[in-house]
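Listed below, chain by chain, are the residues.
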Amino acid sequence: MATGERDTRTAVDKALALLTAFGNDAAVGVGVSELARRADLSKSTAFRLLGTLERNGAVERAGTNYRLGPMLHELAAPVTMPETDLVRDTFTPFLAHLYERTRQTVHLAVLDGPNVVYLNKLHGLQHVPAPSRIGGRIPAYCTAVGKAMIAYNPALADQILAGDLAPWTARTITNPGALREDLARVRTEGVAYDREEIRMGLVCVAAPIMSPTGAPVAAMSVSGPTANYDPRNMAPALRAVCGEATKAYAARLRALRRHS
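Residues numbered from 1 in each chain as written. Predicted model: local features only at pLDDT ≥ 70, side-chain atom pairs only at ≥ 80, totals over all residues. Heavy atoms only, no water.

Student: So what about the packing of aromatic side chains? Which residues, and what values?
Tutor: Taken as a whole and assessed by the stated rule, the structure comprises one aromatic pair. With 5.5 Å between their ring centres and 45° between their planes, Phe91 and Tyr249 make a pair best called tilted. Of this pair, Phe91 sits in helix H5 (residues 82–102) while Tyr249 sits in helix H9 (residues 235–258); the two residues are 158 residues apart in sequence, bridging distant segments of the chain. Comparing Phe91 with Tyr249 shows no difference in burial state: the two are buried. (Phe/Tyr/Trp six-rings, centres within 6.5 Å; stacked < 30°, edge-to-face > 60°. Helix = DSSP H or I, 4+ residues; strand = E, 2+ residues; numbered from the N terminus. Buried < 20%, exposed > 50% of the residue type's maximum accessible area, 1.4 Å probe, protein only.)

Student: Lay out the sheet that holds strand S5 (residues 137–139) with the relevant residues and their values.
Tutor: Reading across from one edge, S5-S4-S3-S8-S7-S6 is the order of the six strands in this open sheet, with antiparallel pairing throughout. The sheet terminates laterally at S5 and strand S6 (192–195), the two strands that pair on one side only. The mean angle between the axes of side-by-side strands here comes to 30°, regardless of whether they run parallel or antiparallel. Bridging between strand S7 (residues 202–210) and strand S8 (residues 216–225) involves nine bridges; their strand directions are antiparallel. If you follow Pro208 over to S8, its bridge partner there is Ala219. (Pairing = 2+ DSSP bridges. Axes fitted to C-alpha atoms, helices over the stretch in contact; angles between N-to-C directions.)

Student: Tell me about the pattern of salt bridges, and name the residues and values.
Tutor: Summed over all chains, the structure comprises 14 salt bridges. A salt bridge links Glu34 to Arg38; its shortest N-O distance comes to 2.8 Å. Note that Glu34 and Arg38 are positioned in helix H2 (residues 32–39) at a spacing of four residues, about one turn of the helix. Close ionic contact of Arg185 with Asp182 constitutes a salt bridge, the shortest N to O distance being 3.3 Å. Of this pair, Arg185 and Asp182 both sit in helix H8 (residues 176–189), three residues apart, which is roughly one turn of the helix. Given the relative accessible area of 7%, Asp182 is considered buried. (Salt bridge = Lys/Arg side-chain N within 4 Å of Asp/Glu carboxyl O.)

Student: Explain the state of the cysteines to me, using residue names and the numbers behind them.
Tutor: For the structure shown, the criterion picks out zero disulfides. Lacking any disulfide linkage, Cys242 is separated from the closest cysteine sulfur, that of Cys204, by 11 Å. Residue Cys242 is classed as buried on the basis of its relative accessible area of 2%. (Disulfide = S-S within 2.5 Å.)

Student: Run through the nonpolar core, naming residues and quoting values.
Tutor: Formed by 32 residues in total, the largest nonpolar core has its most connected members in Val116, Ile138, Tyr141, Val145, Ile160 and Trp168. Contributions of two or more residues to this core are made by strand S4 (115–122), helix H6 (144–150), helix H7 (154–161), H8 and S7. Look past the residues within four positions of Val145 in its chain and what remains in contact with it is Ala109, Val116, Tyr118, Ala206, Ala219, Met220 and Ser221. Val110, Ala207, Val241 and Tyr249 belong to the second largest nonpolar core, which has 31 residues in total. (Core = buried A, V, L, I, M, F, W, Y, C linked by side-chain atoms within 4.5 Å. Contact = heavy atoms within 4.5 Å.)

This is the structure:
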């Protein structure tokens, strides 16, 4: 908009311009100044409107940035696909078993492009606020479940490493070389860690569930508070449960082929 020209847009118009301004960065998050520039708004107006949108669940904080919130994800949620139903139905009993063994918050997630989508979550006794929610999407590179899967998907890993690794916290790995090394450790150890990379005060360990072809189908994680939770202690139980889930998935596929 030209300097001195009066902005005749209504508040609704401006709010919609802000939501549109996220573009392909809706999951990663965008700063107030950049959103204001994209929407052709003053920073103060953008900040005020984002506050209103946040209170209504249309956007949410992502570190110092904003991203699209749960209300819009629910409105835009795709129709559940049979493959998703198969993954959720097959692995949820193992997620419950993992919770019984750890008594911590556990997640089941799959990849959706460069993001993870959470299919199920059971809260532990030590509840820690976390950005994860059932149906929610978060960039894979800053989550344990995401790293557990992209470590075994070289093409996707290269795509993510070549993109913008925006920091969610001061501990998010944003250096491509460091992240590549972290993914190599996942393949060596069989588990991935999130050490306050998505939320300060929250640590997590995850392991993949593999298809018969060796590709990651899903991942499970165990998370807890930094103050009194060591995710390394949960790694043996996690590896065992994900190994059992991998075998169950192969058996389920064989049974489906016999009856098709």
